[in-house]
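Okay, here's what each chain looks like letter by letter:
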Amino acid sequence: LLAERTRDLTLVRQALDERLQFNRMREELDVARRLQLSSLPTAYPERDCFKLHAAMVPAKEVGGDFCDLVLLDDDRLLLMIGDASGKGVGAAIFIAMARSLLRAAMGRGATPSEALAQANDTLAADNPTLMFATAIVAVLDCRTGLLTYANAGHNAPRCRSANGREAELPIETGIALGVMDGIDFVDQVLQLEAGDHLLMFTDGVTEAVGPGDTMFGDARLAAIVADPAYSEPARLVEAVTHSVEAFEETEPQADDITMVALHWRGIAPPPIPCVREKETA
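Model, not experiment: these values are computed from the prediction.

*Asks:* What should I look at first to understand the packing of helix α5 (residues 217–226) against helix α6 (residues 233–248) in this one?
*Replies:* Each pair of packed helices can be summarised by the angle the axes make with each other and by the distance between the axes. Viewed as axis vectors pointing N to C, α5 and α6 meet at an angle of 145 degrees, and their least axial separation amounts to 10 Å. Relative to α6, the crossing made by α5 is right-handed. Only L236, A239, V240, S243 and F247 of α6 make contact with α5, whose side of the interface consists of R220, L221, I224 and V225. Residue classes in the contact of α5 with α6 are distributed as seven nonpolar, one polar and one charged.

And the structure:
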(Lines give C-alpha, C1' and ligand atoms only; values in the text may rest on other atoms or scores of the structure.)
Protein backbone atom coordinates (compact mmCIF):
# COMPACT_ATOMS: atom_id res chain seq x y z
CA LEU A 1 0.00 0.00 0.00
CA LEU A 2 2.86 2.35 0.84
CA ALA A 3 4.57 1.58 -2.49
CA GLU A 4 1.29 2.25 -4.32
CA ARG A 5 0.78 5.57 -2.55
CA THR A 6 4.41 6.50 -3.31
CA ARG A 7 3.82 5.83 -7.00
CA ASP A 8 0.66 7.94 -6.89
CA LEU A 9 2.56 10.78 -5.23
CA THR A 10 5.27 10.55 -7.89
CA LEU A 11 2.65 10.77 -10.65
CA VAL A 12 1.05 13.80 -8.96
CA ARG A 13 4.45 15.52 -8.71
CA GLN A 14 5.16 14.80 -12.37
CA ALA A 15 1.77 16.21 -13.34
CA LEU A 16 2.44 19.34 -11.27
CA ASP A 17 5.89 19.77 -12.85
CA GLU A 18 4.39 19.41 -16.33
CA ARG A 19 1.69 21.94 -15.47
CA LEU A 20 4.30 24.39 -14.21
CA GLN A 21 6.35 23.93 -17.38
CA PHE A 22 3.23 24.40 -19.50
CA ASN A 23 2.29 27.59 -17.63
CA ARG A 24 5.85 28.89 -17.98
CA MET A 25 5.77 28.20 -21.71
CA ARG A 26 2.41 29.96 -22.04
CA GLU A 27 3.81 32.98 -20.22
CA GLU A 28 6.85 33.06 -22.53
CA LEU A 29 4.62 32.77 -25.61
CA ASP A 30 2.43 35.57 -24.27
CA VAL A 31 5.51 37.77 -23.83
CA ALA A 32 6.66 36.88 -27.36
CA ARG A 33 3.20 37.74 -28.72
CA ARG A 34 3.15 41.11 -26.97
CA LEU A 35 6.67 41.88 -28.20
CA GLN A 36 5.74 40.98 -31.76
CA LEU A 37 2.55 43.01 -31.74
CA SER A 38 4.44 45.93 -30.21
CA SER A 39 6.62 45.97 -33.35
CA LEU A 40 3.51 46.85 -35.36
CA PRO A 41 3.41 50.64 -35.81
CA THR A 42 0.76 52.32 -33.71
CA ALA A 43 1.78 55.91 -34.49
CA TYR A 44 2.09 56.20 -38.25
CA PRO A 45 4.33 58.68 -40.06
CA GLU A 46 2.32 61.77 -40.93
CA ARG A 47 2.48 64.01 -43.98
CA ASP A 48 -0.18 66.01 -45.76
CA CYS A 49 0.52 64.04 -48.95
CA PHE A 50 -0.40 60.58 -47.59
CA LYS A 51 -2.34 58.59 -44.97
CA LEU A 52 -1.41 55.14 -43.61
CA HIS A 53 -2.86 52.28 -41.63
CA ALA A 54 -1.67 48.75 -40.76
CA ALA A 55 -2.97 45.69 -38.90
CA MET A 56 -1.69 42.26 -37.87
CA VAL A 57 -3.74 39.24 -36.69
CA PRO A 58 -1.53 36.22 -35.81
CA ALA A 59 -3.05 32.76 -36.29
CA LYS A 60 -1.21 31.43 -33.22
CA GLU A 61 0.30 32.98 -30.10
CA VAL A 62 3.08 34.39 -32.29
CA GLY A 63 3.02 34.78 -36.04
CA GLY A 64 5.36 34.72 -39.00
CA ASP A 65 4.36 38.08 -40.56
CA PHE A 66 5.82 41.55 -40.25
CA CYS A 67 5.24 45.04 -41.58
CA ASP A 68 7.11 48.29 -41.18
CA LEU A 69 6.27 51.94 -41.87
CA VAL A 70 9.02 54.47 -41.21
CA LEU A 71 10.35 57.74 -42.60
CA LEU A 72 13.93 57.25 -43.76
CA ASP A 73 14.33 61.03 -43.89
CA ASP A 74 12.13 64.07 -44.42
CA ASP A 75 11.24 63.04 -47.98
CA ARG A 76 11.26 59.21 -48.15
CA LEU A 77 8.73 56.80 -46.63
CA LEU A 78 9.71 53.13 -46.24
CA LEU A 79 6.95 50.51 -46.57
CA MET A 80 7.72 46.83 -45.92
CA ILE A 81 5.68 43.67 -45.48
CA GLY A 82 6.78 40.04 -45.18
CA ASP A 83 5.65 36.50 -44.43
CA ALA A 84 7.79 33.57 -43.24
CA SER A 85 7.08 29.95 -44.12
CA GLY A 86 5.17 28.17 -41.37
CA LYS A 87 3.75 29.61 -38.17
CA GLY A 88 4.66 29.79 -34.51
CA VAL A 89 7.88 30.67 -32.71
CA GLY A 90 10.30 29.50 -35.43
CA ALA A 91 8.58 31.59 -38.10
CA ALA A 92 8.42 34.59 -35.76
CA ILE A 93 12.18 34.45 -35.10
CA PHE A 94 13.01 34.06 -38.80
CA ILE A 95 10.80 36.93 -39.91
CA ALA A 96 12.15 39.16 -37.13
CA MET A 97 15.66 38.54 -38.48
CA ALA A 98 14.50 39.37 -42.02
CA ARG A 99 12.85 42.60 -40.86
CA SER A 100 15.94 43.72 -38.96
CA LEU A 101 18.24 42.97 -41.91
CA LEU A 102 16.00 44.83 -44.36
CA ARG A 103 15.59 47.88 -42.15
CA ALA A 104 19.35 48.03 -41.48
CA ALA A 105 20.11 47.84 -45.21
CA MET A 106 17.61 50.58 -46.04
CA GLY A 107 19.02 52.71 -43.24
CA ARG A 108 22.45 52.43 -44.88
CA GLY A 109 21.07 53.87 -48.13
CA ALA A 110 20.37 50.68 -50.10
CA THR A 111 17.68 50.56 -52.77
CA PRO A 112 14.79 48.11 -52.22
CA SER A 113 16.41 45.50 -54.51
CA GLU A 114 19.79 45.90 -52.81
CA ALA A 115 18.19 45.54 -49.35
CA LEU A 116 16.48 42.30 -50.41
CA ALA A 117 19.72 40.93 -51.88
CA GLN A 118 21.72 41.73 -48.74
CA ALA A 119 19.11 40.25 -46.40
CA ASN A 120 18.77 37.17 -48.59
CA ASP A 121 22.52 36.45 -48.60
CA THR A 122 22.65 36.63 -44.80
CA LEU A 123 19.56 34.47 -44.27
CA ALA A 124 20.60 31.85 -46.83
CA ALA A 125 24.14 31.56 -45.46
CA ASP A 126 22.98 30.10 -42.12
CA ASN A 127 19.59 28.43 -42.57
CA PRO A 128 19.71 24.83 -41.24
CA THR A 129 15.90 24.66 -40.94
CA LEU A 130 15.49 25.64 -44.63
CA MET A 131 12.97 28.34 -43.77
CA PHE A 132 12.21 31.16 -46.18
CA ALA A 133 10.27 34.42 -46.22
CA THR A 134 8.53 36.48 -48.86
CA ALA A 135 8.76 40.27 -48.68
CA ILE A 136 8.11 43.54 -50.48
CA VAL A 137 10.22 46.63 -49.85
CA ALA A 138 9.00 49.98 -51.19
CA VAL A 139 10.14 53.59 -50.86
CA LEU A 140 7.78 56.49 -51.55
CA ASP A 141 9.28 59.85 -52.52
CA CYS A 142 7.02 62.29 -50.73
CA ARG A 143 8.11 65.16 -53.02
CA THR A 144 7.00 63.50 -56.25
CA GLY A 145 4.78 60.49 -55.46
CA LEU A 146 7.26 58.13 -57.14
CA LEU A 147 7.11 54.64 -55.61
CA THR A 148 10.24 52.47 -55.98
CA TYR A 149 9.73 48.83 -54.98
CA ALA A 150 11.18 45.31 -55.21
CA ASN A 151 9.64 41.93 -54.50
CA ALA A 152 10.91 38.65 -53.06
CA GLY A 153 8.17 36.18 -53.90
CA HIS A 154 5.36 38.08 -52.15
CA ASN A 155 1.74 38.61 -53.18
CA ALA A 156 1.27 41.55 -55.55
CA PRO A 157 -0.41 44.49 -53.73
CA ARG A 158 -3.81 45.73 -54.89
CA CYS A 159 -4.21 49.27 -56.25
CA ARG A 160 -7.17 51.57 -56.83
CA SER A 161 -6.61 54.68 -58.89
CA ALA A 162 -8.37 57.99 -58.41
CA ASN A 163 -10.72 57.15 -61.31
CA GLY A 164 -11.85 53.95 -59.55
CA ARG A 165 -9.86 51.42 -61.59
CA GLU A 166 -8.69 48.47 -59.45
CA ALA A 167 -5.82 46.15 -60.37
CA GLU A 168 -2.74 44.36 -59.08
CA LEU A 169 0.41 46.41 -58.75
CA PRO A 170 2.68 45.53 -61.73
CA ILE A 171 5.41 43.59 -59.99
CA GLU A 172 8.15 41.06 -60.66
CA THR A 173 7.63 37.87 -58.67
CA GLY A 174 11.20 37.36 -57.45
CA ILE A 175 12.47 34.54 -55.22
CA ALA A 176 11.75 34.24 -51.49
CA LEU A 177 14.46 35.23 -49.01
CA GLY A 178 16.63 32.46 -47.58
CA VAL A 179 16.26 29.96 -50.44
CA MET A 180 19.72 30.52 -51.94
CA ASP A 181 22.32 33.26 -51.88
CA GLY A 182 23.51 35.33 -54.82
CA ILE A 183 20.01 36.23 -56.05
CA ASP A 184 19.45 39.51 -57.89
CA PHE A 185 16.22 41.41 -57.30
CA VAL A 186 14.67 44.08 -59.51
CA ASP A 187 13.73 47.68 -58.66
CA GLN A 188 10.49 48.87 -60.25
CA VAL A 189 8.88 52.30 -60.22
CA LEU A 190 5.30 53.55 -60.25
CA GLN A 191 4.17 57.16 -60.39
CA LEU A 192 1.32 57.62 -57.92
CA GLU A 193 -1.39 60.13 -58.76
CA ALA A 194 -3.48 62.05 -56.25
CA GLY A 195 -6.24 59.79 -54.97
CA ASP A 196 -4.44 56.49 -55.55
CA HIS A 197 -4.76 53.72 -52.94
CA LEU A 198 -2.38 50.83 -52.29
CA LEU A 199 -3.03 47.72 -50.16
CA MET A 200 -0.13 45.43 -49.26
CA PHE A 201 -1.15 42.14 -47.62
CA THR A 202 0.05 38.65 -46.71
CA ASP A 203 -1.48 35.45 -48.09
CA GLY A 204 -3.41 34.91 -44.87
CA VAL A 205 -6.02 37.18 -46.48
CA THR A 206 -6.52 35.53 -49.86
CA GLU A 207 -5.89 31.99 -48.54
CA ALA A 208 -8.33 32.26 -45.62
CA VAL A 209 -10.43 29.08 -45.60
CA GLY A 210 -14.21 29.05 -45.22
CA PRO A 211 -16.75 26.23 -45.01
CA GLY A 212 -16.25 23.59 -47.68
CA ASP A 213 -12.51 24.33 -47.91
CA THR A 214 -13.15 27.34 -50.18
CA MET A 215 -10.63 30.18 -50.14
CA PHE A 216 -11.31 33.90 -49.78
CA GLY A 217 -9.39 34.50 -52.99
CA ASP A 218 -8.21 37.51 -55.00
CA ALA A 219 -11.64 38.35 -56.45
CA ARG A 220 -13.24 39.03 -53.06
CA LEU A 221 -10.28 41.14 -52.00
CA ALA A 222 -10.32 43.09 -55.27
CA ALA A 223 -14.02 43.89 -54.82
CA ILE A 224 -13.37 45.41 -51.39
CA VAL A 225 -10.39 47.46 -52.59
CA ALA A 226 -12.46 48.73 -55.55
CA ASP A 227 -15.27 49.96 -53.28
CA PRO A 228 -15.04 53.79 -53.04
CA ALA A 229 -16.72 53.63 -49.62
CA TYR A 230 -13.36 52.56 -48.18
CA SER A 231 -11.37 55.64 -49.10
CA GLU A 232 -9.70 55.89 -45.69
CA PRO A 233 -6.83 53.39 -45.12
CA ALA A 234 -8.18 52.42 -41.69
CA ARG A 235 -11.65 51.70 -43.10
CA LEU A 236 -10.17 49.63 -45.94
CA VAL A 237 -8.12 47.46 -43.56
CA GLU A 238 -11.09 47.02 -41.22
CA ALA A 239 -13.38 46.09 -44.13
CA VAL A 240 -10.99 43.36 -45.31
CA THR A 241 -10.53 42.04 -41.77
CA HIS A 242 -14.26 41.83 -41.12
CA SER A 243 -14.92 40.24 -44.53
CA VAL A 244 -12.33 37.53 -43.88
CA GLU A 245 -13.76 36.83 -40.42
CA ALA A 246 -17.28 36.57 -41.83
CA PHE A 247 -16.07 34.31 -44.65
CA GLU A 248 -14.31 31.91 -42.27
CA GLU A 249 -17.48 31.57 -40.12
CA THR A 250 -16.61 28.81 -37.62
CA GLU A 251 -13.41 27.71 -39.36
CA PRO A 252 -10.19 28.44 -37.41
CA GLN A 253 -7.87 31.11 -38.78
CA ALA A 254 -5.53 29.24 -41.12
CA ASP A 255 -2.68 31.74 -41.37
CA ASP A 256 -1.40 35.07 -40.07
CA ILE A 257 -3.05 38.16 -41.56
CA THR A 258 -1.14 41.41 -42.04
CA MET A 259 -2.05 44.48 -44.12
CA VAL A 260 -0.62 47.91 -44.93
CA ALA A 261 -2.83 50.52 -46.61
CA LEU A 262 -1.60 53.76 -48.23
CA HIS A 263 -3.67 56.65 -49.58
CA TRP A 264 -1.62 59.04 -51.71
CA ARG A 265 -3.25 62.45 -51.47
CA GLY A 266 -0.85 64.20 -53.80
CA ILE A 267 1.39 67.23 -53.60
CA ALA A 268 -0.19 70.56 -52.75
CA PRO A 269 0.40 73.13 -55.52
CA PRO A 270 2.70 76.00 -54.61
CA PRO A 271 0.95 79.19 -53.52
CA ILE A 272 0.36 81.79 -56.21
CA PRO A 273 2.44 84.85 -55.45
CA CYS A 274 0.48 88.01 -54.81
CA VAL A 275 1.61 90.79 -57.14
CA ARG A 276 0.70 94.32 -56.15
CA GLU A 277 -0.05 96.80 -58.84
CA LYS A 278 2.29 99.73 -58.92
CA GLU A 279 0.82 102.76 -57.36
CA THR A 280 0.24 105.51 -59.82
CA ALA A 281 1.63 108.88 -58.98
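Moving on, there is more to tell.
*Asks:* Please clarify how the packing of aromatic side chains should be interpreted in this entry.
*Replies:* In this description, an aromatic ring pair is defined by two values, namely the gap between the centres and the angle between the planes. This structure, assessed with the given rule, holds one aromatic pair. An angle of 80 degrees between the planes, with centres 5.5 Å apart, marks the rings of F216 and F247 as edge-to-face. Of the two residues, F216 is situated in the loop between α4 (203–206) and α5 and F247 in helix α6; the sequence distance between them amounts to 31 residues. F247 carries the same exposure label as F216, and that label is buried.

*Asks:* Please clarify how the environment of A150 should be interpreted in this entry.
*Replies:* Mapped onto the secondary structure, A150 falls in strand β5 (residues 146–152). Judged by its relative accessible area of 0%, A150 is buried. Considering only alpha carbons, one finds A150 and E172, 22 residues apart in sequence, at a separation of 7.5 Å. Among residues more than four places away in sequence, those in contact with A150 are P112, S113, L116, A135, I136, V137, V186 and D187.

*Asks:* Explain the side chain of D68 here, please?
*Replies:* Inspection of the secondary structure assignment puts D68 in strand β2 (residues 65–71). Classification of D68 by relative accessible area gives buried; the value is 1%. A polar side-chain atom of D68 sits 2.8 Å from a polar atom in the side chain of R103.

*Asks:* Is there a simple way to think about the sheet that holds β5 in this case?
*Replies:* Through backbone hydrogen bonds, the strands of a sheet pair up, either in parallel or in antiparallel fashion. The sheet built from five strands is open, its strands ordered β2-β3-β4-β5-β8 with antiparallel pairing. The open sheet terminates on both sides in strands that have one partner only, identified here as β2 and β8 (188–191). Direction aside, the axes of adjacent strands within the sheet are offset by 15 degrees on average. As paired elements, strand β4 (residues 133–141) and β5 share six bridges and run antiparallel to each other. Paired with L140 across the strands is L147, a residue of β5. Along the sheet, helix α2 (residues 89–107) makes contact with β2, β3 (76–84) and β4, crossing β3 at roughly 155 degrees. On top of the sheet, helix α3 (residues 112–125) reaches β4 and β5; it is set at about 25 degrees to β5, its chief contact.

*Asks:* Please explain the nonpolar core as it appears in this structure.
*Replies:* Soluble globular proteins tend to pack their nonpolar side chains together in the buried interior. Among the nonpolar cores identified, the biggest contains 27 residues, and L102, L116, V137, L177 and F185 are the most heavily contacted of them. Mapped onto this core, the elements with two or more residues apiece are β3, α2, α3, β4 and β5. At seven residues, the largest contribution of residues to this core is made by α2. Not counting residues within four places of it along the chain, the set of residues in contact with F185 comprises S113, L116, A117, N120, N151, A152, I175 and L177. In this structure, Y44, L79, C159 and W264 belong to the second largest nonpolar core, which totals 24 residues.

*Asks:* I tried to follow the pattern of salt bridges on my own but got confused; where do I start?
*Replies:* Close approach of charged atoms allows side chains of opposite charge to pair. According to the stated counting rule, one finds eight salt bridges in the structure shown. One salt bridge in this structure joins R143 and D75, with 3.8 Å as the shortest N-O distance. In this pair, R143 is assigned in the loop between β4 and β5 and D75 in the loop between β2 and β3, connecting sequence segments 68 residues apart. Judged by its relative accessible area of 28%, D75 falls in the partly exposed class.

*Asks:* Whenever I open this one, α5 confuses me. Can you help?
*Replies:* In an α-helix, one turn spans 3.6 residues, which is why side chains three or four residues apart end up on the same side. Taken together, the buried positions of α5 are occupied by G217, L221, A222, I224 and V225. Looking at the buried residues of α5, the elements they touch are β6 (158–160), β7 (166–168), β9 (196–201), α4 and α6.

*Asks:* Please clarify how the packing of α2 against α3 should be interpreted in this entry.
*Replies:* Across the interface, α2 lies against α3 with an axial gap of 9 Å and an inter-helix angle of 135 degrees. With respect to their mutual orientation, α2 and α3 come out oblique. For the pair α2 and α3, the crossing hand works out as right-handed. Only P112, A115, L116, Q118, A119, T122 and L123 of α3 make contact with α2, whose side of the interface consists of F94, M97, A98, L101, L102, A105 and M106. Looking at the contact of α2 with α3, its residues break down into 12 nonpolar, two polar and no charged.

*Asks:* When you look at the sheet that holds strand β1 (residues 50–57) in this model, what are you seeing that I'm missing?
*Replies:* Here five strands make up an open sheet; going across it, the order is β1-β10-β9-β6-β7 and the pairing antiparallel. The open sheet terminates on both sides in strands that have one partner only, identified here as β1 and β7. Put simply, the sheet's adjacent strands are angled 15 degrees from each other on average, direction ignored. Of the pairings in the sheet, the one linking β9 to strand β10 (residues 257–264) comprises six bridges and is antiparallel in character. Each residue of the ladder has a partner; that of H197, found in β10, is H263. Along the sheet, α5 makes contact with β6, β7 and β9, crossing β6 at roughly 30 degrees.

Cut-off values and rules
Residues numbered from 1 in each chain as written. Predicted model: local features only at pLDDT ≥ 70, side-chain atom pairs only at ≥ 80, totals over all residues. Heavy atoms only, no water. Axes fitted to C-alpha atoms, helices over the stretch in contact; angles between N-to-C directions. Helix = DSSP H or I, 4+ residues; strand = E, 2+ residues; numbered from the N terminus. Left-handed = near helix turned anticlockwise from the far one by under 90°. Contact = heavy atoms within 4.5 Å. Nonpolar A, V, L, I, M, F, W, Y, C, P; charged D, E, K, R; others polar. Phe/Tyr/Trp six-rings, centres within 6.5 Å; stacked < 30°, edge-to-face > 60°. Buried < 20%, exposed > 50% of the residue type's maximum accessible area, 1.4 Å probe, protein only. Polar contact = N/O pair within 3.5 Å; in protein donor to acceptor, adjacent residues only side chain to side chain. Pairing = 2+ DSSP bridges. Core = buried A, V, L, I, M, F, W, Y, C linked by side-chain atoms within 4.5 Å. Salt bridge = Lys/Arg side-chain N within 4 Å of Asp/Glu carboxyl O. Parallel < 35°, antiparallel > 145°, perpendicular 65-115°, else oblique.

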